Amino acid sequence: MVHIPKQPAPSAPAQRPVPTSADVARLAGVSRATVSYVLNNTSAVRISEPTRRRVREAAEELGYVPHAAARSLRAGHSRMVLMPAPAVPVGPLYNQFFSELQWALGRLDYTVVQYGSVGLRGDGAARAWAELRPVAVLVPGSGLGPQGVAVLKRAGARAVVTLGPERVEGAHALLMDHDRVGHAAGEHLLARGRRRVGVVIPGEAGLEVFSTPRLDGVRRALRDTDATVTELPLPYEEEAAAGLAARWRSLGLDAVFAYNDEYAMLLMRALQDEGVTIPDETAVVGADDLMLGRLLRPRLSTVHIELPSGRDLAELVDRVVREPGGEPETHEVLGARVVHRASS
C-alpha cells in the first residue's frame, strides 16, 4: 500500500477589502457624487471628459464596479430585464433577434438576464421570475396568463412584454402570426402549378405553437382550389427523414412546405438520396431564409421572415419603464415573403 503523506492545508490568502466609491474618489481626486455620475452614465450633470476618464481609470485600477442593489434603491427600481429562455428550440433566426435585443438594451443601460425555465411554465414560472425583481420581463412563446402578469407587476415589473401568437391581458404584446408564413408558402407553390402539397409537422414537443398556424396558413392559401394538403409528421432525425423519403412516391405529392429551412434541408437530402428529383418531381420550400439554404444544390426556396427590430423593442421597453401607467400596447410584428430559388 502506498501512503500519501498529508500536506498541511495552505493558509488562505488575506482577503482584500472590497473597493468602494470613496476609494475611487480619493484616487481620482474627485467627490463621490462625481464618481456616481460618471459610472452611472448620468447625462444631467456636465462633467469634463478628462475627469470622466480619470474616474474610469481609477475604478479600473481598483477593480471597482457599482453596486446594482444600491443603484436600484436610488432609482426606485432595478435595471434588470429578464428574458426567460424559450422552452422550445427556436433556431438561428430567433437567436439572432434575441442577441440584437440584448445589445440594444445594454446600450440603454439595462442588464439583461436570461432565465432557464426548464420545468416551469405559465404562472408558476412567473412567480420564479418575480423573485428576481426585474424591472421588465420579455416572455417568448405562450403560456403566461393574466395572473402571472399581475404577479410580475406586484413584484415591481414595470414592463411585461409577450412575443407570441396572442395577447395576454395586462401585458404589452408583440403578435407573431405564423399563419402568414404558411400562407406565403402555399400561395407560392400554388402559383408554381403544384397541387398535391405536403406540410411537415415537426415531431419536437412545443413547436406546435409555430407549426399549427403555419399549417393553417397553407390550408387557407389552397382553400377553394383543386389542391390538397397532406400533413407529414417528421422528427428532426436523419433516420426519420430517410423513412419518409422511402415512401415519398407512394404519397403522390408534388410539393412540400417543410416548416423551416432546417427541416427542408433534412428532408431534401433524404429525398435526393432516394432519387427524387427536385424540383421536377417535388418542389421544396423552407422558412427563415438561412444562409445554409443558399449553399444547397438546388438552392432552397424559403419564406423570409421579418422580425421586429431589437432596437425598436428595446426602446419600447425603456419607454414603458419610464412611463409605466399607460394602457398595454399591441403590435403585429411578423412579416413574411417568399424568396424564390431553384428548389421550387
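Report follows, based on the coordinates. Along every chain, residues carry numbers that run from 1 in the direction the sequence is written. Selection of residues for local features in this predicted model requires a pLDDT of at least 70, selection of side-chain atom pairs for listing and counting requires 80 or more, and totals for whole chains, interfaces and linings are taken over all residues. As a rule here, side-chain values cover all heavy atoms of the structure and leave hydrogens and water aside.

Numbered from the N terminus, helices here are DSSP runs of H or I no shorter than four residues, and strands are runs of E no shorter than two. Along its length, the protein carries 14 helices and twelve strands. Here the protein, with 344 residues, has 46% of them falling under the buried criterion. Contacts between residues were defined by any pair of non-hydrogen atoms, one from each residue, lying within 4.5 Å. Residue pairs in contact within the protein that sit at least 24 positions apart in sequence constitute 71% of those at least 6 positions apart. For the protein, the exposed surface amounts to about 18300 Å²; the carbon and sulfur share of it is 51%. We call a residue buried when its accessible area falls under 20% of the maximum for its residue type, exposed when it is over 50%, and partly exposed in between, using a 1.4 Å probe and counting protein chains only. Here the open area of atoms and residues is found with the Shrake-Rupley method and a 1.4 Å probe, where only the protein chains shown may cover a residue.

Strands pair, by our definition, only if DSSP identifies at least two bridges between them. Spatially, β7-β6-β8-β9-β10-β12 is the arrangement adopted by the six strands of the open sheet, whose pairing is mixed. Edge strands, defined here as strands with exactly one partner in the open sheet, are β7 (228-234) and β12 (335-339). If you compare each strand with its neighbour and ignore which way they point, the axes differ by 20° on average. Here strand β6 (residues 196-202) runs beside β7; their pairing, made up of seven bridges, is parallel. Opposite Pro202, over in β7, you have Leu234 as the bridge partner. Lines fitted to the C-alpha atoms define the axes, with helices restricted to the stretch that makes contact. Angles between their N-to-C directions range from 0 to 180 degrees.

Topologically, Arg214 is positioned in helix α9 (residues 208-222). We score Asp and Glu as negative and Lys and Arg as positive, and we do not count His or the chain ends. Put simply, a salt bridge is a Lys or Arg side-chain nitrogen that is within 4 Å of an Asp or Glu carboxyl oxygen. Within the buried set, Arg214 has no salt-bridge partner at all; the shortest N-O distance to an opposite charge, 4.3 Å, is to Asp288. Residues in contact with Arg214, not counting those within four places in the same chain, are His178, Asp179, Val181, Gly182, Phe257, Tyr259, Asn260, Ala287, Asp288 and Ile305.

Extensive coverage of strand β9 (residues 283-287) is indicated by the burial of five of its five residues. Alternating positions in β9 separate into two faces, Ala283, Val285 and Ala287 on one and Val284 and Gly286 on the other, with burial throughout. Examined bridge by bridge, strand β8 (residues 255-257) and β9 share three bridges and lie parallel to one another. Of the residues in β9, the one forming a bridge with Ala255 is Ala283. Think of it like this: strands point away, you trace from the first strand over the helix to the second, and a clockwise trace means the crossover is right-handed. In this region the chain leaves β8, passes through helix α12 (residues 261-273) and returns to the parallel neighbour β9; the handedness of that crossover is right-handed. Sheet topology note: the β9/strand β10 (residues 301-306) ladder contains three bridges and is parallel. The residue bridging Val285 from the neighbouring strand is Ser301, located in β10.

One pass over the full model with this rule turns up 14 salt bridges. For Glu332, the salt bridge is made with Arg180, and the minimal N-O distance between the two is 2.6 Å. Of the two residues, Glu332 is situated in strand β11 (residues 330-332) and Arg180 in helix α8 (residues 179-191); the sequence distance between them amounts to 152 residues. Look at Arg180 and you get partly exposed, because its relative accessible area is 32%. When salt bridges that share partners are traced, they join Asp289, Arg294 and Arg341 into one network.

At their nearest, the axes of α8 and α9 sit 6 Å apart, and the two run at 40° to each other. Classified by the angle their axes make, α8 and α9 are oblique. Here α8 and α9 pass one another in a crossing that is right-handed. Residue-level inspection shows Asp179, Val181, Gly182, His183, Gly186, Glu187 and Leu190 of α8 in contact with α9, the latter providing Pro213, Arg214, Asp216, Gly217, Val218, Arg220, Ala221 and Leu222. Orientation labels follow simple angle bins: below 35 degrees gives roughly parallel, above 145 gives roughly antiparallel, 65 to 115 gives roughly perpendicular, and whatever is left gives oblique. With the far helix as reference, a near helix turned anticlockwise by less than a right angle produces a left-handed crossing, and one turned clockwise produces a right-handed crossing.

Moving on, we come to the packing of aromatic side chains. Each pair of aromatic rings is reported with the distance of its centres and the angle of its planes. Only Phe, Tyr and Trp rings are paired, with Trp represented by its six-membered ring, and only when their centres lie within 6.5 Å; those with planes under 30 degrees apart are stacked, over 60 edge-to-face, the remainder tilted. One pass over the structure, following the stated rule, counts three aromatic pairs. Ring centres of Tyr259 and Tyr263 lie 5.7 Å apart, and the angle between their planes is 85°; on these two criteria the pair is classed as edge-to-face. Across the pair, Tyr263 and Tyr259 agree in class, each one buried. Each residue in the set Tyr236, Tyr259 and Tyr263 is aromatic and connected to the rest through ring pairs, giving one cluster. Across from the ring centre of Tyr110, 3.9 Å away, lies the NZ or CZ of Arg79, which sits over that ring. By the criterion adopted, a ring carries a charge over it if an Arg CZ or a Lys NZ lies within 6 Å of its centre and within 35 degrees of its normal.

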